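Chain and residue survey
Read off the chains here:
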Amino acid sequence: MRVGIGYDSHPFAAGRKLILGGVEIPNAKGLAGHSDADAVAHAVTDAILGAAGLGDIGRMFPDDDPQWKGANSIELLNKAFLKVVEAGFQFVHADVTVILEKPRLAPHLDAMKDRLAEALLTGPAHVSVKAKTNEGMGWIGRGEGIAVMAVATLAGPSAARPSGGHSVT
Ligand code: MG
């Protein structure tokens with residue numbers, strides 16, 4: 001079993017759609033970014049890549065590459081996941097915490113789980129998405145942006161499992 005961690009943050013910006021976990025959420029501001037700035041999809045992507053030892057989202061989809069401008073980040077998550085599968089891993093579970101002052105995400109959490117699960121070729125029971133405020137503190141509390149933390153667990157690959165014993169190096 002492998003566990004990977006992912007973190008992402010994006011500033012709010014006028015004139016942008018707010019897309020989190022592949023779901024468009026009605027809000028006066030969206031998030032600034034080269035892609036659609038879906039910080040939830042980005043954090044989950046980094047978590048699965050981390051668990052598989054495959055680097056990170058910025059290395060796989062560089063933000064100075066015009067082909068990813070305005071990219072649908074749920075599609076990027078799916079592309080990254082296919083690399084994880086190619087490397088011999090199976091998806092087990094992901095857990096996500098979104099930290100933002102507003103808007104309230106509770107009405108959208110199930111839809112976000114569904115979209116993330118689709119990208120990960122799994123069912124929504126294998127994905128958890130939670131939201132909390134930062135109790136008004138700091139840059140998140142002032143509504144300047146959002147932060148997302150994610151962990152993902154993967155199983156395999158069996159060929160890479162250590163055969164036992166201790167290494168002295
Ligand atoms: Mg990002």
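Notes on the structure in this doc start here. (Residues numbered from 1 in each chain as written. Predicted model: local features only at pLDDT ≥ 70, side-chain atom pairs only at ≥ 80, totals over all residues. Heavy atoms only, no water.)

1. A closer look at the sheet that holds strand E4 (residues 29–31)
In space, the five strands of this open sheet follow the order E4-E1-E7-E5-E6, with mixed pairing throughout. The open sheet has two edge strands with one neighbour each: E4 and strand E6 (127–132). Pairs of neighbouring strands in the sheet enclose a mean axial angle of 20°, with direction left out of account. Pairing between strand E1 (residues 2–14) and E4: three bridges, direction antiparallel. Bridge pairing links Phe 12 to Leu 31 in E4. Packed onto the sheet, helix H4 (residues 109–119) meets strand E5 (90–99) and E6 and runs at close to 140° relative to E6. (Pairing = 2+ DSSP bridges. Helix = DSSP H or I, 4+ residues; strand = E, 2+ residues; numbered from the N terminus. Axes fitted to C-alpha atoms, helices over the stretch in contact; angles between N-to-C directions. Contact = heavy atoms within 4.5 Å.)

2. What to know about the packing of helix H3 (residues 73–86) against H4
Look at H3 against H4: their axes get within 8 Å of each other, and the N-to-C directions meet at 35°. The segment H3 lies against H4, with Ile 74, Leu 77, Asn 78 and Phe 81 engaging Arg 115, Leu 116 and Ala 119.

3. Things to note about the nonpolar core
Of all hydrophobic cores here, the largest spans 47 residues; its most connected members are Leu 20, Ile 48, Val 98, Met 112 and Ile 146. Of all elements in the fold, only helix H1 (39–52), H3, E5, H4, E6 and strand E7 (145–155) reach the threshold of two or more residues within this core. In terms of residue count, the dominant contributor to this core is H1 (ten residues). In contact with Leu 20, not counting residues within four places along its chain, are Ile 25, Leu 31, Asp 38, Ala 39, Val 40, Leu 105, Met 112 and Ile 146. (Core = buried A, V, L, I, M, F, W, Y, C linked by side-chain atoms within 4.5 Å. Buried < 20%, exposed > 50% of the residue type's maximum accessible area, 1.4 Å probe, protein only.)

4. Observations regarding the layout of surface pockets
One water molecule sets the probe size; rolling that probe over the atoms shows where empty space is left. Space inside the largest pocket adds up to approximately 180 Å³. For the largest pocket, the full set of lining residues is His 10, Gly 33, His 34, Ser 35, His 42, Ile 57, Gly 58, Phe 61, Asp 63, Trp 68 and Leu 76. Residues that form the lining of the largest pocket fall into these classes: four nonpolar, six polar and one charged. (1 Å grid on protein atoms, 1.4 Å probe; cavity = no way out; pocket = protein on both sides within 12 Å on 5 of 7 lines; lining within 4 Å. Points joined across faces, edges and corners; volume = space filled by probe spheres on them. Nonpolar A, V, L, I, M, F, W, Y, C, P; charged D, E, K, R; others polar.)

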